[in-house]
Amino acid sequence: MRYEAPTTVDRAVSLLAAEKGLTFILAGGTDLLVRMKSGQIEPDLVVDVKRIEPLRRITAEGGGYRIGAAVPSAELGEHEGLRRLWPGVVEAANLIGSTQIQGRATMTGNLCNASPAADSVPALVAAGATVTIAGPRGRRELPVEDVATAPGKTALAKGEIVESIFLPARPPRSSDAYLRFIPRTEMDIAVVGAGVSLTLDDKGICKAARVSLGAVAPRVLLVKEAADALIGTSIDEAALDNLAAAASAACRPIDDKRGTREFRIQVAGVLARRAAAIALRRAKGQ
Ligand SMILES: Cc1cc2nc3c(=O)[nH]c(=O)nc-3n(C[C@H](O)[C@H](O)[C@H](O)COP(=O)(O)OP(=O)(O)OC[C@H]3O[C@@H](n4cnc5c(N)ncnc54)[C@H](O)[C@@H]3O)c2cc1C
C-alpha cells in the first residue's frame, strides 16, 4: 500500500485519478483505519488530506460558513459563530464517538462513509448544506442529501474528493436541532436520528422548515411531508403531532438486534417532534 500526504487539492486529485487500484481518502481515519485494520479493505493508495491547509479551515462566507473537509468535529464545537448559527449541526458533530474520536473525526468523513446512521448527516441535510467536490474535470456542487447513494456508496466519481461543506446564511428567528436514540449514553450507533431546521416570521409562524431522519432507511431521508406539517403553523401541539406522524410514515427501517422496525418507526416520530420543539425554542431565543 502507498501512502501519500499532498499539500494541495490538485495534487490529491491527480494522485487519486492516476492510481489504477483501490484508492481511499484519509481524513480523521476513525472509519477508514478501523476497516483497514479489520481486513475489510486493502487499499492500493491512501491519500491523507490533513496536510492540505485550506481543508483545515472554517471560513465565514456570505453570512454562512465553509467547513474544510479535514476540520475535526472538536473544532466545530469550539467555533462560536458556527455554534450560534447552526447549533443543531454542531451538536450532531459533537455526538460522534468520544472526545478522542472528535479530535480526529470530520463531518466530511462521516458523510462519505455513507452510513445511513451517521450522526452529522441528518443535521446537515436539515440545514440544506451543500458540498464542493473537486475532481479531474474541475469543481461541482452537490446537496448533502445526494452524496450517499446507498449504504457505503457515494456519488463521487474516480479522482473526486469533497473539498468542503457549506452551511448557508439564515434569516433571523431561525434555528435547528439534532437528536438521536442510542441504547447507551454515548459511543454507540444511532438507532434513529432526527434533524430539524426551521425559520419563524415576526409573528412566530413557521415560514420554512426541513426535517431529516437517519438510520430508518438505506439513506438519510429528507422528509418534506414532515416539514410541511410545521410550515404555516405556530408549531403548536397539533402541528407537532402531524410532524411526528409524517416522520414515522416516511420510515423504511431494518429490523435488527438494536431496534425492531416498529420501534424505529415510533421513535422517529418522537425524536422529530422533540427536535422541532428544541429548534423552536432556539429560534425564539429562549
Ligand atoms: C469508537 C468510535 C465511535 C464512533 N462513534 C460514532 C458516532 O457516535 N456517530 C457517528 O456517526 N459515527 C461514529 N463513528 C464513526 C466515525 O468516527 C465517523 O463516521 C467520522 O465522522 C468519520 O470521519 P473521519 O474523518 O474519521 O473519516 P475517515 O475514516 O478518514 O473516512 C471515512 C470515509 O470517508 C472517505 N473520505 C474521507 N474524507 C473524504 C473526502 N474529503 N472526500 C471524499 N471521501 C472522503 C474515506 O475515504 C472513507 O471512506 C465512530 C467511530 C469509532 C471508531
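What you are looking at is a predicted structure, and each value in this text was computed from that prediction instead of being measured.

Below, the discussion takes up the site of the ligand. Lining the immediate environment of the ligand, one finds 29 residues, of which Ile25, Thr30, Asp31, Thr106 and Asp119 sit closest. A distance of 2.8 Å separates an oxygen atom of the ligand from a polar backbone atom of Gly29. For the ligand, whose free accessible area comes to 980 Å², the fraction covered by protein is 87%. Sorting the residues of the shell around the ligand by element identifies β2 (23-26), α7 (107-112) and β10 (161-167) as the ones contributing at least two each. Sorting elements by how many residues they give to the shell around the ligand places α7 first, with 4 residues. Along the lines of polarity and charge, the residues of the shell around the ligand split into 16 nonpolar, 9 polar and 4 charged.

Turning next to the pattern of salt bridges. Note that side chains of opposite charge can pair when their charged atoms are close. All chains considered together, the criterion is met by 17 salt bridges. Arg273 is the partner of Asp241 in a salt bridge, and the nearest nitrogen-oxygen pair spans 2.6 Å. Of this pair, Asp241 sits in helix α10 (residues 237-250) while Arg273 is found in helix α11 (residues 261-283), placing the two residues 32 residues apart along the sequence. Residue Arg273 is classed as partly exposed on the basis of its relative accessible area, which comes to 23%. What emerges from the salt-bridge pattern is a single network uniting Arg2, Glu4 and Glu19.

A separate point is the side chain of Gln102. Mapped onto the fold, Gln102 is located in helix α6 (residues 99-102). Overall, the relative accessible area of 12% leaves Gln102 in the buried class. A polar atom in the side chain of Gln102 sits 2.8 Å from the backbone oxygen of Ile96. Among all residues touching Gln102, those that are not within four sequence positions of it are Pro72, Ser73, Ala74, Ala93, Asn94, Leu95, Ile96 and Gly97.

Within the largest apolar cluster, 36 residues are counted, with the highest numbers of intra-cluster contacts made by Val196, Leu198, Leu213, Leu230, Ile235 and Leu243. Of all the elements in the fold, those that place two or more residues in this core are β12 (192-200), β13 (206-214), α9 (224-228), α10 and α11. Examining the composition of this core, we find that 10 residues originate from one element, α11, more than from any other. Filtering out sequence-adjacent residues up to four positions away, Val196 remains in contact with Ala126, Ser175, Asp176, Ala177, Arg210, Val211, Leu230, Ala272, Ala275, Ala276 and Ala279. Core analysis: the next-biggest nonpolar cluster, separate from the first, contains 32 residues, Val89, Leu111, Ala129 and Val147 among them.

What follows deals with the pairing of strand β11 (residues 174-181). Within β11, 6 of the 8 residues are buried, which leaves the element mostly enclosed by the surrounding structure. Pairing geometry for β11 and β12, over 8 bridges, is antiparallel. Counted as the bridge partner of Phe181 is Val192 from β12.

A few words on the environment of Lys50. Secondary-structure assignment places Lys50 in the loop between β3 (45-48) and β4 (58-61). Through-space distance from the C-alpha of Lys50 to that of Ala123 is 24 Å; in sequence the pair is 73 residues apart. For Lys50, the contacting residues outside a window of four places in its chain are Leu26, Ala27, Arg56, Ala70 and Arg104. Within the local environment of Lys50, its side chain forms a polar contact with the backbone oxygen of Ala27, the two atoms lying 2.6 Å apart.

Strands sit in the order β11-β12-β13-β14 across an open sheet of 4 strands; the sheet is antiparallel. Two strands in the sheet have a free side with no partner beyond their single neighbour: β11 and β14 (221-222). The sheet strands contacting helix α8 (residues 120-127) are β11, β12, β13 and β14, and the helix crosses β13 at an angle near 155°. Together, β11, β12 and β13 form the strand contacts of α11, whose direction differs from that of β11 by roughly 150°.

Time to look at the packing of aromatic side chains. Inspection of the entire model under this criterion finds 1 aromatic pair. Between Phe181 and Phe263 the ring centres are 5.3 Å apart and the planes differ by 70°, which places this aromatic pair in the edge-to-face class. You can see Phe181 sitting in strand β11 and its partner Phe263 sitting in helix α11, a full 82 residues away along the chain. Taking the relative accessible area as the measure of exposure, Phe263 reaches 32% and is therefore partly exposed. If you follow Arg170 out to its NZ or CZ, it ends over the ring of Trp86, 3.6 Å from the centre.

This brings us to the packing of α10 against α11. Contact geometry of α10 with α11 gives a least axis separation of 8 Å together with a crossing angle of 140°. The orientation of α10 relative to α11 falls into the category oblique. Crossing angle aside, the handedness with which α10 passes α11 is right-handed. Of the residues in α11, those touching α10 at Glu237, Leu240, Asp241, Leu243, Ala244, Ala247 and Ser248 are Ile265, Gln266, Ala268, Gly269, Ala272, Arg273, Ala276 and Ala277. Classifying every residue of the contact of α10 with α11 gives 9 nonpolar, 3 polar and 3 charged.

Procedures and definitions
The residue numbers shown here count from 1 along each chain, following its written sequence. With pLDDT at 70 or above as the cut-off, local features in this predicted model cover only qualifying residues; side-chain atom pairs require 80 or more to be listed or tallied, and sums for whole chains, interfaces and linings still use all residues. Here the side-chain values reflect all heavy atoms present in the structure, with hydrogen atoms and water set aside. The nearness test applies per residue and asks whether one of its heavy atoms lies within 4 Å of the molecule or strand. Each polar contact in these results corresponds to two N or O atoms within 3.5 Å; when the atoms are within protein, one needs to be able to donate a hydrogen and the other to accept it, and residues that are neighboring in sequence are counted only if both atoms are side-chain atoms. Residue-level accessible areas treat just the shown protein chains as cover; the underlying method is Shrake-Rupley with a 1.4 Å probe. Each helix is a run of H or I in the DSSP string that is no shorter than four residues. Each strand is a run of E no shorter than two, and both are numbered from the N terminus. Polar here means any residue outside two lists: the nonpolar Ala, Val, Leu, Ile, Met, Phe, Trp, Tyr, Cys and Pro, and the charged Asp, Glu, Lys and Arg; Gly therefore counts as polar. Just to be clear on terms, a salt bridge is a Lys or Arg side-chain nitrogen sitting within 4 Å of an Asp or Glu carboxyl oxygen. Throughout this description, buried means an accessible area under 20% of the type-specific maximum (1.4 Å probe, protein chains only), exposed means over 50%, and partly exposed covers the range between. Any two residues whose heavy atoms approach within 4.5 Å are treated as being in contact. We call a set of buried Ala, Val, Leu, Ile, Met, Phe, Trp, Tyr and Cys residues a nonpolar core when their side-chain atoms join them within 4.5 Å. Note on pairing: two strands pair once DSSP finds at least 2 bridges between them. Helix axes use the C-alpha atoms of the stretch in contact, all axes being lines fitted to C-alpha atoms, and the angles between their N-to-C directions lie in the range 0 to 180 degrees. Centres within 6.5 Å are what make two rings of Phe, Tyr or Trp a pair, Trp counting through its six-membered ring; a difference in plane orientation under 30 degrees is then read as stacked, over 60 as edge-to-face, and the rest as tilted. We call a charge positioned above a ring when the Lys NZ or Arg CZ atom is no farther than 6 Å from the ring centre and deviates by at most 35 degrees from the ring normal. By the definition adopted for this analysis, an angle is roughly parallel if under 35 degrees, roughly antiparallel if over 145, roughly perpendicular if from 65 to 115, and oblique otherwise. Left-handed is the label given to a crossing in which the near helix is rotated counterclockwise from the far helix by less than a right angle, and right-handed is the label when the rotation is clockwise.

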